[in-house]
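Each chain, letter by letter, is given below.
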Amino acid sequence: MGKMDGKVALITGGASGLGAEDARTLAREGAKVVITDVQDELGAKVAGEMPECLYLNHDVRDEARWGEVVAQALDRFGRLDTLVNNAGLVRFGNIEDLSYADYKLQVEVMLDGTFLGCRAAIPHMSKDGSGSIINMASVGGLKAISAIPAYSAAKAGIIGMTRSVAIHCQEMGYRIRCNAIAPGGIVTPMTAQAIAELPADDPGLEQNASHGMGDPSDVANMVLYLACADGRHITGTTITIDNGETM
Ligand SMILES: NC(=O)c1ccc[n+]([C@@H]2O[C@H](COP(=O)([O-])OP(=O)(O)OC[C@H]3O[C@@H](n4cnc5c(N)ncnc54)[C@H](O)[C@@H]3O)[C@@H](O)[C@H]2O)c1
């Protein structure tokens, strides 16, 4: 018996890093999985690793496409239990250096993308107690890092939105839980980009170095916990996975 037997999960940004590992972990526990991304070749390759996994191209900023993606997930697998709003990217630059275009890009992908995802999925999610939304925040939304003002704003916004969505679902009697995860320093292409682009003495990198780097499975195991019945009494919270970086 898998912990996700009979359940269907939709994961954005599922072609790489944390999203791909979330997909593998939920599938290993019996979930049917839809992954979406803008990296088609990689997404199709990850989907091919799992027996029942569908890859769809979707830029999470595209509101109309959200409706099509949810419809295709329902059409293919018949229900929707888990939504992981995971897609993200980072552009470095402090408040004096970051362009407005790069500010908007990050806020639109991560904050607007999470808003659009919750809004598109909730009406179609299982309301029998197995519905779970997991929004990928970050330690960057909890503590000050001068190199990522827009990323921090988007992630702090996701934490606030998560609580609002959780309360809404309770008020409506939906039995859909909504939580956020705030990882820090997990080895993925995004952290490789940070190491390549930031000066070695950047405080954000120093924090990661002093607390050690985590593995995508450290986050995926929590995604599984929140998605399956183990997490049934947890909603409206943000769980930090950073080996104490934000203590
Ligand atoms: N790795 C870490 O230590 C860490 C820490 C905190 C938060 N996070 C968050 O975890 C999530 C996953 O990051 P990761 O580390 O796996 O990075 P990653 O770069 O490996 O994966 C991010 C994925 O999101 C996709 N993506 C980017 N823009 C998109 C868009 N507009 N529409 C759809 N997909 C898009 C990318 O193509 C990529 O596949 C992100 O939200 C990131 O902010 C990661």
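Calculation criteria
Residues numbered from 1 in each chain as written. Predicted model: local features only at pLDDT ≥ 70, side-chain atom pairs only at ≥ 80, totals over all residues. Helix = DSSP H or I, 4+ residues; strand = E, 2+ residues; numbered from the N terminus. Rg over C-alpha atoms; globule rule 2.2 N^0.38 Å. Buried ≥ 20, exposed ≤ 12 C-beta atoms within 10 Å, placed from the backbone. Contact = placed C-beta atoms within 7 Å. Near = placed C-beta within 6 Å. Nonpolar A, V, L, I, M, F, W, Y, C, P; charged D, E, K, R; others polar. Expected span 1.5 Å × (residues − 1). Core = buried A, V, L, I, M, F, W, Y, C linked by C-beta atoms within 7 Å. Pairing = 2+ DSSP bridges. Axes fitted to C-alpha atoms, helices over the stretch in contact; angles between N-to-C directions. Parallel < 35°, antiparallel > 145°, perpendicular 65-115°, else oblique. Left-handed = near helix turned anticlockwise from the far one by under 90°.

(A) A look at the overall build of the chain. The secondary structure content of the chain amounts to eight helices and seven strands. Taken against the 2.2 N^0.38 rule, which gives 18 Å for 247 residues, the C-alpha radius of gyration of the chain at 17 Å falls within 12% of a compact globule. Expressed as lengths along the three principal axes of its C-alpha atoms, the size of the chain is roughly 50 × 40 × 35 Å. Per-residue burial over the chain gives 48% buried out of 247 residues. Residue pairs at least 24 apart in sequence account for 72% of intrachain contacts in the chain once pairs closer than 6 positions are excluded.

(B) Representation of the site of the ligand within the structure. Not every one of the 29 residues close to the ligand is listed here, only the nearest: G13, G17, G88, T188 and M190. Mapped by element, the contributors of at least two residues to the shell around the ligand are α1 (17–28), α4 (100–121) and α6 (189–197). Residues that form the shell around the ligand fall into these classes: 13 nonpolar, 13 polar and three charged.

(C) How the structure looks around α4. Its 22 residues give α4 an end-to-end C-alpha distance of 30 Å, which sits within 8% of 32 Å, the value for a rise of 1.5 Å per residue. Of all the positions in α4, only Q106, V109, M110, L111, G113, T114, L116, G117, C118, A120 and A121 are classed as buried.

(D) How the structure looks around the nonpolar core. The biggest cluster of nonpolar side chains holds 71 residues, and the ones touching the most others in it are V33, I35 and V223. Apart from residues no more than four positions distant in its own chain, V223 is found in contact with D22, T25, V84, I134 and I181.

(E) Broad picture of the sheet that holds strand β3 (residues 53–57). Strand order in this open sheet of seven strands is β3-β2-β1-β4-β5-β6-β7, and the pairing throughout is parallel. At either end of the open sheet lies a strand with only one pairing partner, and these are β3 and β7 (238–241). Direction aside, neighbouring strands of the sheet carry axes that sit 15° apart on average. For strand β2 (residues 32–37) and β3, the ladder comprises five bridges, and the chain directions are parallel. Its bridge partner lying in β3, V33 is registered against C53.

(F) Highlighting unusual backbone geometry. For R175, which is not glycine, the phi dihedral falls at a positive 55°. Checked against the element boundaries, R175 lands in the loop between α5 (149–171) and β6 (176–183). Residue R175 is classed as partly exposed on the basis of its 17 C-beta neighbours within 10 Å. If you check the backbone angles, N243 has positive phi at about 50° while not being a glycine. Along the chain, N243 falls in the segment after β7.

(G) Spotlight on the packing of helix α3 (residues 63–77) against α4. The N-to-C vectors of α3 and α4 enclose an angle of 40°; their axes lie 9 Å apart at closest approach. With respect to α4, the element α3 is oriented oblique. Pair α3 / α4 crosses with right-handed handedness. Of α4, the residues touching α3 (which contributes E63, W66, G67 and V70) are L116, G117, A120 and A121.

(H) A look at the packing of α4 against α5. The geometry of α4 relative to α5 is characterised by a closest axis approach of 8 Å and an angle of 15° between their N-to-C directions. As the angle between them shows, α4 and α5 are arranged roughly parallel. The handedness of the crossing between α4 and α5 comes out as right-handed. Touching D102, Y103, Q106, V107, M110, L111, T114, F115 and C118 of α4 are A150, Y151, A153, A154, K155, G157, I158, M161 and V165, all from α5.

(I) Quick look at the environment of R91. Checked against the element boundaries, R91 lands in the loop between β4 (82–85) and α4. Taking the number of C-beta atoms within 10 Å as the measure of exposure, R91 has 17 and is therefore partly exposed. Sequence spacing of R91 and D102 is 11 residues, and the spatial spacing of their C-alpha atoms is 6.4 Å.

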